[in-house]
Amino acid sequence: VNKETILIVEDDMCMSQHLSSLVAKDNYKTILAFTGVDAFTIINSHCPDLILLDLGLPDMDGLHIIKETRSWSQVPIIVVSSRKNENQIVLALEAGADDYITKPFGNYELLARIRTAFRHLYYYSHIYSKPNTFPYNPLIYHYKDLEINFESRTVKLKNELIHLTKIEYKILIFLVKNSGRIITYGELVNEIWGPFADKNNKILRVNISNIRRKIEKDPSHPEYILTEIGVGYQVKEI
Ligand code: CA
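1. Overview of the coordination of the calcium ion
Part 1 of the argument: Those donors, Asp11 (OD), Asp54 (OD) and Gly56 (O), are the protein atoms that reach the calcium ion, and they lie 2.2 to 2.4 Å from it.
Part 2 of the argument: The sequence pattern formed by the donor residues of the calcium ion is D-x42-D-x1-G.

Quick look at the structure:
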């Protein structure tokens, strides 16, 4: 079996060993890098299938690795960091990280996030290459009572048509297409209103609360659009 290769960028030997034996349980192959320079060399020469990245490295900030790698590669990057500050999480996600997990983390949670990242990767590569071979229907998103048909551009709740404004629809679709990923306020504003939009999130929050009023049973305890406090929003992956 040709299992994916995961590059582990981590300067702490104990943590590096722990991560390595953990992902080996799911049969992934691993390569270790202990510095940023090593990481760059390996990313270029081995083209790993996924990167687990610590941010506090001895020779550079991990953010730099995200930005550089993203400029030419779509390899999934999961940040594994002890930085819990919301601002740090936003910076990493906006630089192009796919996910962010803080230390200490649950072993099963990390493995689940790795599988999610691979699923996204294959989902999108299937959509773009051979849509008919994908096991799910990528034109329909269905979770609990919510159903979105991307082709007819309709949103239904318990089979009842829900009317969303154009902006509301765009926001919902963007979140759904990135389900399983935290989308930062900045990414959403940029996607919906463009790069020159006011970075104030007020209009975004108003729109989200309008969408929630239309699709959530209890908008103060949403089950579809979840809030990541201080960071952004997330729709559950199906
Ligand atoms: Ca470190």
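2. Comments concerning the environment of Ser16
Part 1 of the argument: Looking at the element boundaries, Ser16 is found in helix H1 (residues 13-25).
Part 2 of the argument: For Ser16, a relative accessible area of 0% corresponds to the buried category.
Part 3 of the argument: For Ser16, the residues in contact, after removing those within four places along its chain, are Ile8, Glu10, Leu32 and Phe34.

3. Here we look at the pairing of strand S3 (residues 50-53)
Part 1 of the argument: The alternating pattern of S3 places Leu50 and Leu52 and Ile51 and Leu53 on opposite faces, both of which are buried.
Part 2 of the argument: Pairing analysis gives four bridges linking strand S1 (residues 5-9) to S3, with the strands arranged parallel. Opposite Leu7, over in S3, you have Ile51 as the bridge partner.
Part 3 of the argument: As judged from the three bridges shared by S3 and strand S4 (residues 77-81), these two strands associate in the parallel manner. Pairing of Ile51 across the sheet is with Ile77, part of S4.
Part 4 of the argument: In this region the chain leaves S3, passes through helix H3 (residues 62-70) and returns to the parallel neighbour S4; the handedness of that crossover is right-handed.

4. Topic: unusual backbone geometry
If a residue is not glycine, its phi is most likely negative; likewise, a peptide bond is most likely trans.
Part 1 of the argument: A cis geometry characterises the amide bond from Lys103 onward to Pro104, with omega recorded as -5°.
Part 2 of the argument: The backbone of Cys47 shows a phi angle near 40°, a positive value even though the residue is not glycine.
Part 3 of the argument: In this fold, Cys47 is placed in the loop between helix H2 (36-46) and S3.
Part 4 of the argument: According to the relative accessible area criterion, Cys47 is partly exposed, its value standing at 48%.
Part 5 of the argument: Of note, the phi angle at Lys158 is positive, near 50°, even though the residue is not glycine.
Part 6 of the argument: Tracing the sequence through the fold places Lys158 in the loop between strand S8 (154-157) and strand S9 (160-162).
Part 7 of the argument: Judged by relative accessible area, Lys158 falls into the exposed class, the value being 59%.

The rules behind each value
Residues numbered from 1 in each chain as written. Predicted model: local features only at pLDDT ≥ 70, side-chain atom pairs only at ≥ 80, totals over all residues. Heavy atoms only, no water. Donors = N, O, S within 2.8 Å, 3.2 Å for Na, K, Ca; no water. Helix = DSSP H or I, 4+ residues; strand = E, 2+ residues; numbered from the N terminus. Buried < 20%, exposed > 50% of the residue type's maximum accessible area, 1.4 Å probe, protein only. Contact = heavy atoms within 4.5 Å. Pairing = 2+ DSSP bridges. Right-handed = clockwise from strand over helix to strand, strands pointing away.

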